[in-house]
Amino acid sequence: MMRTTGDILRTIQGGDVEPVYFLLGEEYYLQHLIIEHIGKAIFGKSKQNKTLLLPDELSNKEIIDQLTQTDLFSSKKLFILRNPAALRNKYREELLDYCRNPLQNHNLIIIEDDYGDRKAMTKDLKKNIDTVSVQIPFTNEMKKWTRFFLKEKNLLAAENVIDALIEIAGDSVYHIANEVEKVSLNVTDDETVTLDMIYQFSGWRRDYQRWEFLQAIGLRKIEKALPLGQSLFRQGQTMLGLIFPLTTLFQELLYEKINPGTLAKKRGYIPLPPSVVKTIPQIAKRFSKEEIEYALSKLGDIDQRLKTTNEPDESLLSQFLFTVLTAHG
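Residues numbered from 1 in each chain as written. Predicted model: local features only at pLDDT ≥ 70, side-chain atom pairs only at ≥ 80, totals over all residues. Heavy atoms only, no water.

## Examining the overall build of the chain
Helix and strand counts for the chain come out as 16 helices and eight strands. For the chain, whose C-alpha radius of gyration is 21 Å, the value lies close to the compact-globule estimate of 20 Å for 329 residues. Over its C-alpha atoms, taken along the principal directions, the chain stretches across nearly 55 × 55 × 40 Å. Split into buried and exposed, the 329 residues of the chain put 47% on the buried side. When contacts within the chain are restricted to residue pairs at least 6 apart in sequence, long-range pairs at least 24 apart make up 77% of them. For the chain, the exposed area adds up to about 16300 Å²; of that, 49% sits on carbon and sulfur atoms. Across the chain, the mean location of the 43 positive side-chain charges is 4 Å away from that of the 45 negative side-chain charges. (Helix = DSSP H or I, 4+ residues; strand = E, 2+ residues; numbered from the N terminus. Rg over C-alpha atoms; globule rule 2.2 N^0.38 Å. Buried < 20%, exposed > 50% of the residue type's maximum accessible area, 1.4 Å probe, protein only. Contact = heavy atoms within 4.5 Å. Areas by Shrake-Rupley, 256 points an atom, 1.4 Å probe, with all protein chains shown as cover. Lys, Arg positive; Asp, Glu negative; His and termini not counted. Charge placed at Lys NZ, Arg CZ, Asp CG, Glu CD.)

## Comments concerning the sheet that holds strand 6 (residues 131–133)
In a beta sheet, neighbouring strands are held together by backbone hydrogen bonds and run either parallel or antiparallel to one another. Across the sheet, six strands lie side by side as 1-6-2-5-4-3; this open sheet has parallel pairing. One side of each edge strand has no neighbouring strand; the edge strands of this open sheet are strand 1 (2–4) and strand 3 (50–53). Neighbour-to-neighbour, the strand axes of this sheet turn through a mean angle of 25 degrees, independent of strand direction. With five bridges connecting them, strand 2 (residues 20–24) and strand 5 (residues 106–112) associate as parallel partners. Bridge pairing in strand 5 places L24 opposite E112. Sheet contacts for helix 1 (residues 5–13): strand 1, strand 2 and strand 6; angle to strand 1, the most-contacted strand, approximately 75 degrees. (Pairing = 2+ DSSP bridges. Axes fitted to C-alpha atoms, helices over the stretch in contact; angles between N-to-C directions.)

## Some remarks on a positive patch on the surface
Together, R118, K123, K126 and K127 line one region of the surface with positive charge. Within the secondary structure layout, R118 lies in the loop between strand 5 and helix 5 (120–128). (Patch = residues over 30% accessible without salt bridge, like charges linked within 9 Å, V, L, I, M, F, W, Y side chains within 5 Å. Salt bridge = Lys/Arg side-chain N within 4 Å of Asp/Glu carboxyl O.)

## Re unusual backbone geometry
Of note in the backbone geometry, N83 takes a positive phi value of approximately 55 degrees without being a glycine. Here N83 is to be found in the loop between strand 4 (77–82) and helix 4 (90–100). Classification of N83 as partly exposed rests on a relative accessible area of 34%. One non-glycine residue, R220, lies in the positive phi region at around 60 degrees.

What follows is the structure, given as structure tokens:
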């Protein structure tokens, strides 16, 4: 059974959380939204215990072992498994068996970015689990999402205001959410949003710049970094083109860890936007030395894969951001 993101979010907010979900589609913001809502529903105000499972990072056995092993305290855990078709042979069956008989204190979110995927594993998962569509919404569905975000912020808006929001920011769910967020910061709850407010507060630009993407990474905000990266790709940027600034950023973070307090201007020109360079000391505090070294290692791996495989830029970027900003955060 295929369910919509909106339907799933409503049931989660109502306190009904399934032990296993299968998200199918490439809209990363919707993936992130569901993960965040499930995390809040499971853990409440407690620290969230989330683990990202990537077949490129872990062996098939390690993935299944993490899912099926419990500790003495039966701790609540949330697992996120991407690219399930990468599991091989008996481990595919073991994953399907787990989906049919999940552990009580474990929750699992399985994600396949390709909505039209016809692999056998995807077909089996769709047969065994309620599948959630997280593909990029059609234009007519953007109105539903706009109303959803307005309702979340306790804002009222007439139909012409909703149309204006979609005109300004309707190329992705993230941009709509971001626009509503900006409006909400400037009005009070239950206030009616007008067209004048929309045009007054709208500073959204279709062509996001690279510095905004790098700043989002520095802040460890994956919900911003993912769509900003996608926007750069739509402008003609490539993952190969992003390797150099990303490597430079993490190299500067590593230098800051080794030589804290050294002024960047004393080290000569740094090929990063000035707005990013001046915040490197603050960014470095958000990452451990091991996390920075891991990010540089991952970038080296991606550079090699770009030269030897045909993996999509979007997939490589999402894997990098999830492993660096989430799994090791």
